[in-house]
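Architecture at a glance
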Amino acid sequence: DGTFLLEEQRRLVEHLAKEFSVQLKMILVDSPEDVAAERIAARTQIGTDASDAGMSERALQQQDFHPFTPDALIINGRNTLEELRAEVQKIVASFT
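Figured I'd write up the structure that's included with this text. (Residues numbered from 1 in each chain as written. Predicted model: local features only at pLDDT ≥ 70, side-chain atom pairs only at ≥ 80, totals over all residues. Heavy atoms only, no water.)

To continue, consider the side chain of Arg58. Within the element layout of this structure, Arg58 appears in helix 3 (residues 55–64). Looking at Arg58, the relative accessible area reads 15%, which means it is buried. A polar side-chain atom of Arg58 sits 2.6 Å from the main-chain carbonyl oxygen of Ser31. With near-sequence residues (within four places) excluded, Arg58 lies in contact with Ser31, Pro32, Glu33, Ala36 and Ile40. (Helix = DSSP H or I, 4+ residues; strand = E, 2+ residues; numbered from the N terminus. Buried < 20%, exposed > 50% of the residue type's maximum accessible area, 1.4 Å probe, protein only. Polar contact = N/O pair within 3.5 Å; in protein donor to acceptor, adjacent residues only side chain to side chain. Contact = heavy atoms within 4.5 Å.)

Here it is, written out as structure tokens:
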């Protein structure tokens, strides 16, 4: 789990995965601003999430973001959290 905003960060992780013979697949959950704002607000209201990042942090991340390469999996962030969880679980299951 990580943001890996920069291409260089992703390449380093890919190198480490190869070095240690670990399967790796980059997943981008592409969430539009309205969905991200709604989820961040809900998470903040509940107060149980480990992340303290809000919309200002998201804006900073968007500024620094380097696009993913075509080999990354892109998941529609408009999907419900249950649908997102199911998609990620399918990806993880494909590794075993």
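Having put the structure on the table, let's press on.
So, about the pattern of salt bridges. Per the stated rule, a full pass over the model turns up five salt bridges. When the shortest N-O distance is used, the salt bridge between Arg11 and Glu7 registers 2.3 Å. You can see Arg11 and its partner Glu7 sitting in helix 1 (residues 7–19), four residues apart, about one turn around the helix. Its relative accessible area of 19% is what places Glu7 among the buried residues. (Salt bridge = Lys/Arg side-chain N within 4 Å of Asp/Glu carboxyl O.)

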